[in-house]
Amino acid sequence: MSNRVMHLDAAQSGIAKKLEALNEALALPRPGLFARLFTRGGEPVHGLYIWGNVGRGKTMLMDDFFAQAPELPKRRVHFHGFMQEVHAARTASKSDDVIADIADGITKDAKLLCLDEMQVTDIADAMILGRLFEALWARGVVIVTTSNQPPDGLYKDGLNRQLFLPFVARLNEMMDVVELGAGKDYRLGRVAAEQTYISPLTPKADETLVHLWHRLADSETGRPQEIEVLGRKLLVPYAAHGCCWFEFDALCRQPLAAPDYLAIAKHYGTVFVAHVPVLKVAERNEAKRFILLIDTLYDAGTRLVVTAAAAPEKLCITGPHKTEFLRTASRLREMQSVSWWARD
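Presented here is an overview of the structure given in this document. What you see is a predicted model, and the numbers here were worked out from it, not measured in a lab. (Residues numbered from 1 in each chain as written. Predicted model: local features only at pLDDT ≥ 70, side-chain atom pairs only at ≥ 80, totals over all residues. Heavy atoms only, no water.)

**Examining the packing of helix 3 (residues 79-92) against helix 5 (residues 123-138)**
Across the interface, helix 3 lies against helix 5 with an axial gap of 11 Å and an inter-helix angle of 85 degrees. Judged on the interaxial angle alone, helix 5 and helix 3 are roughly perpendicular. Seen from helix 3, the contacting residues are Phe79, Phe82, Met83, Val86, His87 and Arg90; seen from helix 5, they are Ala124, Asp125, Ile128, Leu129 and Leu132. Here the residues of the contact of helix 3 with helix 5 are counted per class, giving eight nonpolar, one polar and two charged. (Axes fitted to C-alpha atoms, helices over the stretch in contact; angles between N-to-C directions. Helix = DSSP H or I, 4+ residues; strand = E, 2+ residues; numbered from the N terminus. Parallel < 35°, antiparallel > 145°, perpendicular 65-115°, else oblique. Contact = heavy atoms within 4.5 Å. Nonpolar A, V, L, I, M, F, W, Y, C, P; charged D, E, K, R; others polar.)

This is how it looks when you write it as structure tokens:
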């Protein structure tokens, strides 16, 4: 790895050694277009599929590997952005073999392709990935990817998942699948002294929320994502590194229900909710959805960052759900605690 100082725990050190070995294999001289594959002793050089909990340093390790990779065509891209490019190329292609056309385009720019945060939640992605990866492997592209899930967990419970399973088997065959094991989320120390329930709603509160997003998501803005819920799409406005950001209105003024909130809790370890108002008597549906949202995130152990118009106990003091909201206020308080944020 690089010469910069990196304080790695045992699990991270194990991954770093595998990445070092891969870099050494990529640096070996290769004759011509030997079977159009990168080889080591006559065998294909397998890529690496690194998975584990959010905040364990997967991206840090991959980025350091990428920076030190030999002088060869290489590219590092977020998986979501990569798939957007693939779908755009698919639409633009006039070829009789669209996948081969796309794979040729990718191979021109990258013999080493690093994909960050592989997450398959869309049936269109699921249906194209197997054929695309096979085409890239056939062209000698070495792929390194990070994910919060093992290959067997990709597209879990997705529509027609049985059609996706052969690709899962090929991932396990063609890539060295390694888990970055349990450990502390290294990003949590960044918010140890921060307030994660911010009120009232002021420009300063917005600045604080953006500041926390930068520290936890390692991203300026994040990217929009879509997750599949019972065969339909739920738009996530901003997502990065296991974090997502919603406005209160998008979560609680829209006709969302338990499956939507469960899907959010399943896909993201930290949820940002901006601009929670004091709920009026007439806003019974909004109050009920907010109660359900907090209950779902609480049960899942999700970390929560909120900006709100008032303290938790004062968000819903009238209306049919005011008594039920007492539990929600208590949970909002607990979800700010050091012990909540420090849990594995």
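Moving on, there is more to tell.
**Some points on the pattern of salt bridges**
For the structure shown, the criterion picks out 17 salt bridges. Between Arg253 and Asp249 there is a salt bridge, and its shortest N-O distance comes to 2.8 Å. Put simply, Arg253 and Glu283 hold a salt bridge, and the shortest N to O gap is 2.9 Å. In this pair, Arg253 is assigned in the loop between helix 8 (248-252) and helix 9 (258-267) and Glu283 in the loop between strand 12 (270-276) and helix 10 (284-300), connecting sequence segments 30 residues apart. (Salt bridge = Lys/Arg side-chain N within 4 Å of Asp/Glu carboxyl O.)

**Some thoughts on unusual backbone geometry**
Trans is the common state for peptide bonds, and a negative phi is the common state for residues other than glycine. At the junction of Ser199 and Pro200, the peptide bond is cis and its omega measures out at -5 degrees in the coordinates. For Pro200, the location among the structural elements is in the loop between strand 8 (197-198) and helix 7 (203-217). If you check the backbone angles, Asn160 has positive phi at about 55 degrees while not being a glycine. Mapped onto the secondary structure, Asn160 falls in the loop between strand 6 (142-147) and helix 6 (165-174).

**Comments concerning the sheet that holds strand 7 (residues 175-180)**
Pairing is parallel in the open sheet, where five strands are placed in the order 4-5-6-3-7. Where the open sheet ends on each side, the last strands, each with one partner, are strand 4 (74-78) and strand 7. Going from strand to strand, the sheet's axes swing by 10 degrees on average, the running direction of each strand aside. Sheet analysis places strand 5 (residues 112-116) next to strand 6, joined by four bridges and oriented parallel. When the sheet's bridge partners are listed, Leu115 is paired in strand 6 with Thr145. Across the face of the sheet, helix 6 comes into contact with strand 3 (47-52) and strand 7 while running at roughly 90 degrees to strand 7. (Pairing = 2+ DSSP bridges.)

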